[in-house]
2 protein chains.
Amino acid sequence: MNTSFEDMLNKLNENNIRLSHQRLKILEYLAENRCHPTVDKIYNELHKDFPTLSKTTVYNTLNLLTKINIVRIVNIEDNETRYDICTENHGHFKCESCGRIYDFSIDIDSFTTKELDGFKINEKDIYFKGICPKCIKN
Amino acid sequence: MNTSFEDMLNKLNENNIRLSHQRLKILEYLAENRCHPTVDKIYNELHKDFPTLSKTTVYNTLNLLTKINIVRIVNIEDNETRYDICTENHGHFKCESCGRIYDFSIDIDSFTTKELDGFKINEKDIYFKGICPKCIKN
DNA sequence: AAGTATTTAATAAACATTATATAATAATAA
DNA sequence: TTATTATTATATAATGTTTATTAAATACTT
């Protein structure tokens, strides 16, 4: 599901969530920086231009947006929680050398298995790890 | 890669890691309890019969075993790190209702995408979430 | 403008994980 | 066996992340 800005506003409305200045800024940041940032990164970047923003608010907002499926958690590494705006089916590749996370599109719907007949599947996450071409060169 | 007990011992030897009593117990627990336990669960269960075992040791051992690919981290949820003995290709399904994690076999090697040409892929993790048949009944 | 609900921020608390240093254990060699 | 060394385990403290709590600020309604 690709999420346009209008879709987001609709979802916020449906859930009676106001689009505060803080929430708008965090959403904008996620939309413009598709680097799957951590809470820390989001906070530090926004804090520069928005010094009153608190980290608690970043946590609260991300949890809120995750709950209504505007944002998704990228759990590719156990010691860092990253966040991504929900977009159509794609997987995540993390380079073990430079740490960068790449998106790759993949038809997740086609992944099924008879073993899961009778299971209701709400979410599918595909995580790959390895070395990216840039790091292979070096 | 399916890991037999002998394979494990070999890997420990290759890496000059002694099979201490603590490590054996933790390995045994993982082999016999394929429930993808958390550190806490492993610690609490083993602590009953082995009161001197410390949680630090559980952490150290799991990190050690992860490094040499005897154990793998199951990162399906961001607020809990779980552990699994490495076995042949399979994915993990977490029931959002009862919390149980199910294994399902899946041919992970067949998942590829042209977008990752030039990438060296070392690890593939497949995580599904939803509701399991038992919970659908209720 | 007053009253109400929502949102934010600061602080403290909870929790998980790692670092450090000491004690215990096992391996090796004299 | 004993002494020496390396490895491992433990306890404690430290770190880091996330959540709870509460009071202040803001926005909405009438």
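Treat the numbers as computed from the prediction; the structure is a model and nothing was measured.

You can overlay chain A on chain B at an RMSD of 0.0 Å; the transform is a turn of 180° with a shift of 0.0 Å along its axis. Taken together, these values place the two copies in the relation of a two-fold axis. Relative to the rotation axis, the C-alpha of I126 of chain A is the closest in chain A, positioned 2.4 Å from it. Interface overlap between copies: 100% of the residues of chain A at the interface are likewise at the interface in chain B, consistent with a symmetric, same-surface contact.

Turning to the protein's contact with DNA strand D, a few remarks are in order. Surveying the vicinity of DNA strand D reveals 17 residues, the closest of which are Y59 of chain A together with S20, Q22, T52 and T57 of chain B. For DNA strand D, the fraction of atoms within 4 Å of the protein that belong to sugar or phosphate moieties is 82%. Within the backbone of S54 of chain B, an N or O atom sits 3.5 Å from a phosphate oxygen of DNA strand D. T57 of chain B places a polar side-chain atom, nitrogen or oxygen, 2.4 Å from a phosphate oxygen of DNA strand D. Among the elements of the structure, α4 (55–67) of chain A together with α2 (21–32) and α4 (55–67) of chain B are those that each provide at least two residues to the surface near DNA strand D. Of the residues assigned to the surface near DNA strand D, the class counts are 3 nonpolar, 11 polar and 3 charged.

So, about the protein's contact with DNA strand C. Around DNA strand C, the structure places 15 residues, and the nearest of them are S20, Q22, T52 and T57 of chain A together with Y59 of chain B. Each atom of DNA strand C within 4 Å of the protein belongs either to a base or to sugar and phosphate, the latter forming 82%. The contact in question runs from a phosphate oxygen of DNA strand C to an N or O atom on the side chain of R23 of chain A, over 3.1 Å. Between S54 of chain A and DNA strand C, the recorded distance is 3.4 Å, taken from a backbone N or O atom to a phosphate oxygen. For the surface near DNA strand C, the secondary structure elements donating two or more residues are α2 (21–32) and α4 of chain A together with α4 of chain B. For the surface near DNA strand C, the leading source of residues is α4 of chain B, giving 3 residues. Each residue belonging to the surface near DNA strand C can be placed in one class, and the counts come to 3 nonpolar, 9 polar and 3 charged.

With that out of the way, let us pick up the domain arrangement of chain A. Residues and elements named next belong to chain A. Its domain assignment divides chain A into domain 1 (5–85) and domain 2 (90–137). Each of domain 1 and domain 2 was reduced to a C-alpha centroid, and the two centroids are 22 Å apart. Taken together, the contacts link 10 residues of domain 1 with 13 residues of domain 2. Carbon and sulfur atoms make up 49% of the surface buried where domain 1 meets domain 2, a total of about 970 Å² over both sides. Among the residues of domain 1 in contact with domain 2, H36, R72 and I76 are the three that bury the most area, contributing 56% of the side total.

All names here are of chain A. In this structure the tally under the stated criterion is 16 salt bridges over all chains. When the shortest N-O distance is used, the salt bridge between K94 and E77 registers 3.3 Å. Here the residue K94 occupies a position in strand β3 (residues 90–95), and E77 occupies one in strand β1 (residues 71–77), the gap between them amounting to 17 residues. By relative accessible area, which is 9% here, K94 ends up buried. Three or more residues are tied together by salt bridges with common partners; here these are E77, E80, R82, K94 and K129.

We now examine the interface of chain A and chain B. It is common to give the size of an interface as the accessible area lost on bringing the parts into contact. Counting residues at the interface gives 35 residues for chain A, matched by 35 residues for chain B. Applying the counting rule to chain A against chain B returns 0 salt bridges. Where chain A packs against chain B, one counts 13 residue pairs in polar contact (both at pLDDT 80 or more). Of all the secondary-structure elements, those providing two or more residues to the side of chain A that touches chain B are β1, β4 (101–105), β5 (120–131) and α5 (133–137) of chain A. When residues of the side of chain A that touches chain B are assigned to their parent elements, the largest contribution, 12 residues, is made by β5 of chain A. Residues belonging to the side of chain A that touches chain B are distributed by class as follows: 17 nonpolar, 8 polar and 10 charged. As judged from the 11 bridges shared by β5 of chain A and strand β5 (residues 120–131) of chain B, these two strands associate in the antiparallel manner. Within the sheet, the bridge partner assigned to K124 of chain A lies in β5 of chain B and is F128 of chain B.

A surface patch of nonpolar side chains, about 230 Å² in accessible area, is lined by F5, L9 and L19 of chain A. By secondary structure assignment, the location of L19 of chain A is in the loop between α1 (5–14) and α2.

Looking now at unusual backbone geometry. A positive phi is found at H36 of chain A, a non-glycine position, where the angle reads about 55°. For H36 of chain A, the position within the fold is in the loop between α2 and α3 (39–49). In this structure, N69 of chain B takes a positive phi of about 65° despite not being glycine. Mapping N69 of chain B onto the fold places it in the loop between α4 and β1 (71–77). Assessed through its relative accessible area of 41%, N69 of chain B is described here as partly exposed.

The rules we used
- Residues numbered from 1 in each chain as written.
- Chains lettered and ligands numbered in written order.
- Predicted model: local features only at pLDDT ≥ 70, side-chain atom pairs only at ≥ 80, totals over all residues.
- Heavy atoms only, no water.
- Least-squares fit on C-alpha atoms with pLDDT ≥ 70 in both.
- Contact = heavy atoms within 4.5 Å.
- Near = heavy atom within 4 Å.
- Polar contact = N/O pair within 3.5 Å; in protein donor to acceptor, adjacent residues only side chain to side chain.
- Helix = DSSP H or I, 4+ residues; strand = E, 2+ residues; numbered from the N terminus.
- Nonpolar A, V, L, I, M, F, W, Y, C, P; charged D, E, K, R; others polar.
- Domains from an automatic or database assignment.
- Buried area = accessible area lost by both parts, 1.4 Å probe.
- Salt bridge = Lys/Arg side-chain N within 4 Å of Asp/Glu carboxyl O.
- Buried < 20%, exposed > 50% of the residue type's maximum accessible area, 1.4 Å probe, protein only.
- Pairing = 2+ DSSP bridges.
- Patch = residues over 30% accessible without salt bridge, like charges linked within 9 Å, V, L, I, M, F, W, Y side chains within 5 Å.
- Areas by Shrake-Rupley, 256 points an atom, 1.4 Å probe, with all protein chains shown as cover.

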